[in-house]
Amino acid sequence: MLLIALRDLQWRRRRFSIAVLATSLVFALTLLLTGAGNGLRNEASRIVASFGADAWFVPEGTSGPFTASSVLAASAADEVSRLDGVERADPFLFMRSTFGASDPIDVNVIGFRVGGLGAPRPEAGRAPRGPGEAVVDVGLGADVGETVEVGGSRFQVVGEADGVSFNFGVATVFLPIEDVQALAFDGQSLATAVIIRGQAGATPEGLTLLTDAEVVADMRRPMTSGLQTIDFINSLLWLIAAGIIGSIVYLSALERARDFAVMKATGASNGPLLAGLALQALVLSGASAAVAVVLARPLEAGFPFSIEIPGSAYVVLPLVAVAVGLIASLAGLRRAVRVDPALAFGGA
Amino acid sequence: MSDLGGPALGDSVLEVRDLTVEYSSGGYAVRPLERFNLQVPSGELVLLLGASGCGKTTLLSALAGILTPTCGTIHFGAIDVTHLAGRALTAYRRHTVGIVFQAFNLVPSLTARENVEVPLLVAGVRGRRARDRADELLDGLGLADRRGHRPGDLSGGQQQRVAIARALVHDPPLLLADEPTAHLDYVQVDGVLRALRALAAPGRVVVVATHDERLLPLADRVVHLSPGVDAASHAPTRVTLKAGEVLFRQGDPGDLVYEVDDGEIDLVRSLSGGGEELLERYGPGRYFGELAPLFGLQRSATARARTPAVVTGSTVADFRSRVRPGAGDEAAPR
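1. Topic: the layout of surface pockets
All names here are of chain B.
Reasoning step 1: Put simply, the largest pocket is a space of about 650 Å³.
Reasoning step 2: Lining the largest pocket we find 35 residues, and of these Arg269, Gln298, Arg299, Ser300 and Ala301 sit closest to its centre.
Reasoning step 3: Of all the elements in the fold, those that place two or more residues in the lining of the largest pocket are strand 2 (28-40), strand 13 (265-270), strand 14 (276-282), strand 15 (287-288) and helix 7 (291-295).
Reasoning step 4: Ranked by the residues each element gives to the lining of the largest pocket, the list is headed by strand 2, at 5 residues.
Reasoning step 5: A breakdown of the residues in the lining of the largest pocket according to their chemical character gives 18 nonpolar, 11 polar and 6 charged.

Here it is, written out as structure tokens:
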């Protein structure tokens, strides 16, 4: 029966190829959306980890340094640095601004104390050593030595950092904190958080201590509905894939009803017939998963933010594809079981 | 009889007793076979002759163990076909019966050889053994050079010979052929007829259902499943009926056309769920029951006297001579 199933696929190869192409596009999209969701989840943890902090002090009542607009005096960092267990403390300032003059785009701007915690580690160039210097996200396309405009002020690019975008893939610019204070608060010495290294033995009045994990969770909160949407669309895509595979297998069962009747009339039981149909579903879904892995690469470039397809997705995809193929073929299998062998006696 | 799993049934006799098959068609009970009897000794080729719808295919389906009759029995040798179920039925279909279908019913995606191999693969015969058996049969039927061709590349006659090879793959002692020449021209028919005749040898019963009278010389026995049309003219037969008395029953052979002389006749049709449906009521001067004798069909309804009645039955030939053109269902005065 497996021979018949494979021969039938060869016989209807054009339809099979179209089905594989359509299903593989759907599978590729599920891979990319999985990668997109993964990328969004990772960007928060990645940027927080990049600061090398052990904890964050934020104004009391504030949920996190990247989501709230409450500020504290930058001098609070000095007070914190005197706490027992604190090895180092530096002010940190986050704001949203624009990048470029003629066609500005949104960027995250992070202000750090030169030489302190939160300073960027660029892939190219160096970290800023004083006011007027910037490290920019490689995604912004600005080269080292170039002068760029951030929030209406001009800065010289001294370094390029990779993997520092966050807030749904928005690129990041690192500036000395004094420059960010000038942009955001007219030069007032304010910060949104104090980054510390070490274990603070106490919490100064008016401040709240957050761990890296709490900061990450706070950053992910606004993404919750976005991630849920991605998961929902992913589920719909699996359904679409199931629909395509199911339709192909059902159509095959309909068209081969006479063949099944003849085989039943000549002593074939349902088992081998069903195995043949299920094999077709498996071949279709397996081939589609394989093509999807190849297709996902070029399609990835079209996404505006980081697509990070986890290695496990490449293992899960064919497994889920096989499961989807089998479930989708149930209607076709049911149809095959119901074929009356007496149908074989009909005329042409 | 075969080393491929076939049963050793020796010179088995096919015996059909009081076979009745009833099924529902459009809500009506249809009985293509009623109290049918047949006995065929080994080595004979039986021709089931009759028009479409007379029950030929129904009988073949029952013989093949595909259709369960309403009542009656089918025995092939020691096998009680009508009471087979489960694995025994599968084994019967697989090893005891070979079927040649009307429309060839070859799998279009498979080559001739693969089509013949399929029943062997189903039965668990694999690899070279299955291939050699398929080649042996195809070669024997003159298809050695067509083994690797798909059905679409074969002529009708070649396809039918592949179908015969497939039916013979387990060397079955009972071979059933449904309209084996229906799709063949006279050139192609020759090879198929020779093959069928040669197969009716001791140790095998061959049953062929057809309406093709070219096959008549092949047969050891001919069974007419349709009532013949009586073309001869006979004197009209006058029948007196009591109220409630049946003139003819649904499924009876159609012989005469009836005209009502006196009283009323109801034409009723059996319903599949039981009961009857009144189709028409006929009074004096009207005629009924002409289609069955005209076209050699079975009666499609029962005629029963609603009141005491007198009817006159005429042969088709006699009736034709009396019906006025454009008279509808009223006969001309005698």
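2. Concerning the nonpolar core
Soluble globular proteins tend to pack their nonpolar side chains together in the buried interior.
Reasoning step 1: Counting 109 residues, the largest nonpolar core has A:Trp56 and A:Phe66 as the members making the most contacts within it.
Reasoning step 2: Ranked by residues supplied to this core, first place goes to helix 2 (residues 13-50) of chain A with 14 residues.

3. Points about the pairing of strand 11 (residues 193-198) of chain A
Residue and element names in this part refer to chain A.
Reasoning step 1: Within strand 11, 5 of the 6 residues are buried, leaving the element largely enclosed by the surrounding structure.
Reasoning step 2: Alignment of strand 1 (residues 55-59) against strand 11, held across 3 bridges, turns out to be antiparallel. Residue pairing for strand 11: Ala55 is matched across the bridge by Ile196.
Reasoning step 3: In this structure, strand 3 (residues 86-99) lies alongside strand 11, joined through 6 bridges in antiparallel fashion. By the bridge assignment for strand 11, Arg88 is matched with Arg197.

4. Looking at the confidence of the model for chain A
Reasoning step 1: When pLDDT is averaged across chain A, the result is 88; 99% of the residues are at 70 or more.
Reasoning step 2: For chain A, the element scoring lowest by mean pLDDT is helix 9 (residues 311-328) of chain A, at 81; strand 9 (residues 172-176) of chain A scores highest, at 96.

5. Considerations on the packing of aromatic side chains
Reasoning step 1: Enumeration according to the criterion identifies 15 aromatic pairs over all chains in this entry.
Reasoning step 2: Ring geometry for A:Phe94 against A:Phe166: centres 5.8 Å apart, planes inclined by 40°, an arrangement best described as tilted. Placement of the pair is A:Phe94 in strand 3 and A:Phe166 in the loop between strand 8 (153-161) and strand 9, with a sequence separation of 72 residues.
Reasoning step 3: What links up through ring pairs into an aromatic cluster is the set A:Phe51, A:Trp56, A:Phe66, A:Phe92, A:Phe94 and A:Phe166.
Reasoning step 4: Here the guanidinium or amino end of B:Arg299 rests over the ring plane of B:Phe248, the centre of that ring lying 3.9 Å away.

6. Section: the sheet that holds strand 14 of chain B
Residue and element names in this part refer to chain B.
Reasoning step 1: On the basis of which strands lie adjacent, the open sheet formed by 4 strands has the order 11-16-13-14 and antiparallel pairing. The two strands at the open ends of the sheet, each matched to only one other strand, are strand 11 (246-248) and strand 14. On average, each strand axis in the sheet is tilted by 30° relative to the strand beside it, whichever way the strands run.
Reasoning step 2: Relative to strand 14, strand 13 is paired through 6 bridges, and the arrangement is antiparallel. Counterpart to Val268 in the pairing with strand 14 is Leu278.

7. Some words on the interface of chain A and chain B
Reasoning step 1: On the side of chain B, 26 residues touch chain A, which itself brings 24 residues to the contact.
Reasoning step 2: Carbon and sulfur atoms supply 68% of the area that chain A and chain B bury against each other, a total of about 2,200 Å² over both sides.
Reasoning step 3: Interface area lost by chain A to chain B is led by A:Trp11, A:Thr266 and A:Phe345, which between them contribute 31%.
Reasoning step 4: We note a salt bridge from B:Glu114 to A:Arg7, for which the minimum N-O separation is 2.6 Å.

8. Observations regarding unusual backbone geometry
Reasoning step 1: You will see that A:Asp186, though not glycine, has its phi angle at about 60°, which is positive.
Reasoning step 2: Along the polypeptide, A:Asp186 turns up in the loop between helix 4 (177-185) and strand 10 (190-191).
Reasoning step 3: A positive phi is found at B:Glu179, a non-glycine position, where the angle reads about 45°.
Reasoning step 4: Counting through the fold element by element, B:Glu179 comes out in the loop between strand 7 (174-178) and helix 6 (186-199).
Reasoning step 5: For B:Glu179, a relative accessible area of 6% puts it in the buried group.

9. Some remarks on the pattern of salt bridges
Reasoning step 1: This model, assessed by the stated rule, comprises 31 salt bridges over all chains.
Reasoning step 2: Taking the shortest distance from any N to any O, the salt bridge between B:Arg133 and B:Glu136 comes out at 3.3 Å. Here B:Arg133 and its partner B:Glu136 are both found in helix 4 (residues 127-140), 3 residues apart, which amounts to about one turn of the helix.
Reasoning step 3: Judged by relative accessible area, which is 12%, B:Arg133 ranks as buried.
Reasoning step 4: Its salt-bridge partner being B:Asp261, residue B:Arg238 comes within 3.0 Å of it at the nearest N-O pair. Taken together, the residues span a long stretch of sequence, with B:Arg238 in strand 10 (residues 237-241) and B:Asp261 in strand 12 (residues 257-262) at a distance of 23 residues.
Reasoning step 5: The class for B:Arg238 is exposed, based on a relative accessible area of 58%.
Reasoning step 6: On the basis of relative accessibility, which here comes to 22%, the residue B:Asp261 falls in the partly exposed class.
Reasoning step 7: One connected set of salt bridges, linked through shared partners, spans A:Asp8, A:Arg12, A:Arg15, A:Glu255 and A:Arg256.

Cut-off values and rules
Residues numbered from 1 in each chain as written. Chains lettered and ligands numbered in written order. Predicted model: local features only at pLDDT ≥ 70, side-chain atom pairs only at ≥ 80, totals over all residues. Heavy atoms only, no water. 1 Å grid on protein atoms, 1.4 Å probe; cavity = no way out; pocket = protein on both sides within 12 Å on 5 of 7 lines; lining within 4 Å. Points joined across faces, edges and corners; volume = space filled by probe spheres on them. Helix = DSSP H or I, 4+ residues; strand = E, 2+ residues; numbered from the N terminus. Nonpolar A, V, L, I, M, F, W, Y, C, P; charged D, E, K, R; others polar. Core = buried A, V, L, I, M, F, W, Y, C linked by side-chain atoms within 4.5 Å. Buried < 20%, exposed > 50% of the residue type's maximum accessible area, 1.4 Å probe, protein only. Pairing = 2+ DSSP bridges. pLDDT = per-residue confidence, 0-100. Phe/Tyr/Trp six-rings, centres within 6.5 Å; stacked < 30°, edge-to-face > 60°. Lys NZ or Arg CZ within 6 Å of the ring centre and 35° of its normal. Axes fitted to C-alpha atoms, helices over the stretch in contact; angles between N-to-C directions. Contact = heavy atoms within 4.5 Å. Buried area = accessible area lost by both parts, 1.4 Å probe. Salt bridge = Lys/Arg side-chain N within 4 Å of Asp/Glu carboxyl O.

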